[in-house]
Amino acid sequence: MYIIFLVRHFLTWLKRLYYILKFQSKNRSYIHSSSFIKYDNLEDIIVGRNFTVGYNNLILCTNEHAKSLNPRSAIVIGNNVSIGEFNNIRASGGTLKIGDNSLISQYVNIICSNHSIALDKPIRDQAWDIRKTGVTIGNDVWIGCGVTILPGVSIGNGAIVAAGSVVTKDVMNYTIVSGIPAKFLKNRN
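For the structure given in this document, a descriptive report is provided here.

Basis of the calculations
- In this numbering scheme, every chain counts its residues from 1 along its sequence in written order.
- Totals for whole chains, interfaces and linings use all residues, but because this is a predicted model, local features are given only for residues with pLDDT of at least 70 and pairs of side-chain atoms are given and counted only at 80 or more.
- No hydrogens and no water enter the side-chain calculation; it runs on all heavy atoms of the structure.
- Residues forming no salt bridge and having over 30% relative accessible area are the ones grouped into patches, like charges within 9 Å of each other and nonpolar side chains (Val, Leu, Ile, Met, Phe, Trp, Tyr) within 5 Å.
- The accessible surface values rely on the Shrake-Rupley method and a 1.4 Å probe; as for residues, cover is taken only from the protein chains in view.
- One speaks of a salt bridge when a side-chain nitrogen belonging to Lys or Arg is within 4 Å of a carboxyl oxygen belonging to Asp or Glu.
- Strands are runs of DSSP state E lasting at least 2 residues, helices are runs of H or I lasting at least 4, and numbering of each runs from the N terminus.
- Strands are treated as partners if at least two bridges between them are detected by DSSP.
- It only takes one pair of heavy atoms within 4.5 Å for two residues to be counted as in contact.
- Definition of a polar contact: a pair of N or O atoms within 3.5 Å, with one able to donate and the other able to accept a hydrogen when the atoms are protein atoms, and with sequence-neighbouring residues admitted only if both atoms are side-chain atoms.

## Side note on a nonpolar patch on the surface
- Where nonpolar side chains cluster on the molecular surface, the patch consists of Ile3, Val7, Phe10, Leu11 and Leu14 and spans about 480 Å² of accessible area.
- Examined against the element boundaries, Ile3 turns out to sit in helix α1 (residues 2-27).

In structure tokens, the structure reads:
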């Protein structure tokens with residue numbers, strides 16, 4: 001039984017490695033081999049050219065809690081986007097959109113959905129809460145180190161989110177936000 005598990009695990013790993021190598025050569029992109037990308041359907045992930053992913057990232061685009069009413073998970077990333085190291089990006093239950101020329105630093109959490117919290121069944125068995133889903137990050141955005149972006153948030157073009165911030169509300173174009181929760185600091189000059 002254990003050998004069957006190992007063979008299945010190896011074949012899954014080999015299939016994902018094939019798609020990563022195929023993806024990298026097609027889009028002039030680079031994904032470090034230590035980063036883990038889990039998806040149900042590769043077609044749910046659309047990436048532009050010159051996309052880079054550093055080491056030890058976890059990127060999920062799965063529909064394990066999807067119910068008929070919930071939107072399908074997807075990741076749409078523009079051209080010249082760079083994702084640093086040790087990031088936790090979870091598009092499960094929502095859509096993540098990142099515009100062109102954006103930078104995601106290290107230790108960033110991007111969460112595109114939350115579980116519902118009704119009392120009639122355990123949280124782990126509940127579908128995604130569809131009132132707030134997805135994250136949109138505009139063009140030319142810099143997400144600083146250690147930032148957490150919560151579901152339903154839109155970050156405008158040219159915005160900067162300072163290190164350690166927790167983004168709970170939309171960020172306007174060409175502004176700098178900081179804090180927990182992130183608040184307007186100043187306009188970008």
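## Examining the pairing of strand β5 (residues 58-61)
- As paired elements, strand β2 (residues 36-39) and β5 share four bridges and run parallel to each other. Among the inter-strand pairings, Lys38 is bridged to a residue of β5, identified as Leu60.

## Examining the environment of Asn101
- Tracing the backbone shows Asn101 in the loop between β9 (95-98) and β10 (103-104).
- In this structure, the C-alpha to C-alpha distance between Asn101 and Gly158, residues 57 residues apart in sequence, is 9.6 Å.
- When residues no more than four places from it in sequence are discounted, the contact partners of Asn101 are Asn79, Asn80, Val81, Asp140 and Val141.
- Among the polar contacts made by the side chain of Asn101, one reaches the side chain of Asn80 at a distance of 3.2 Å.

## Re the sheet that holds strand β18 (residues 175-178)
- Spatially, β1-β4-β7-β10-β13-β16-β18-β19 is the arrangement adopted by the eight strands of the open sheet, whose pairing is mixed. Every other strand in the sheet has two partners, leaving β1 (30-31) and β19 (183-187) as the edge strands with one partner each.
- Looking at chain direction, strand β4 (residues 52-53) and strand β7 (residues 82-83) are connected through two bridges and run parallel. Along β7, the bridge assignment pairs Thr52 with Ser82.

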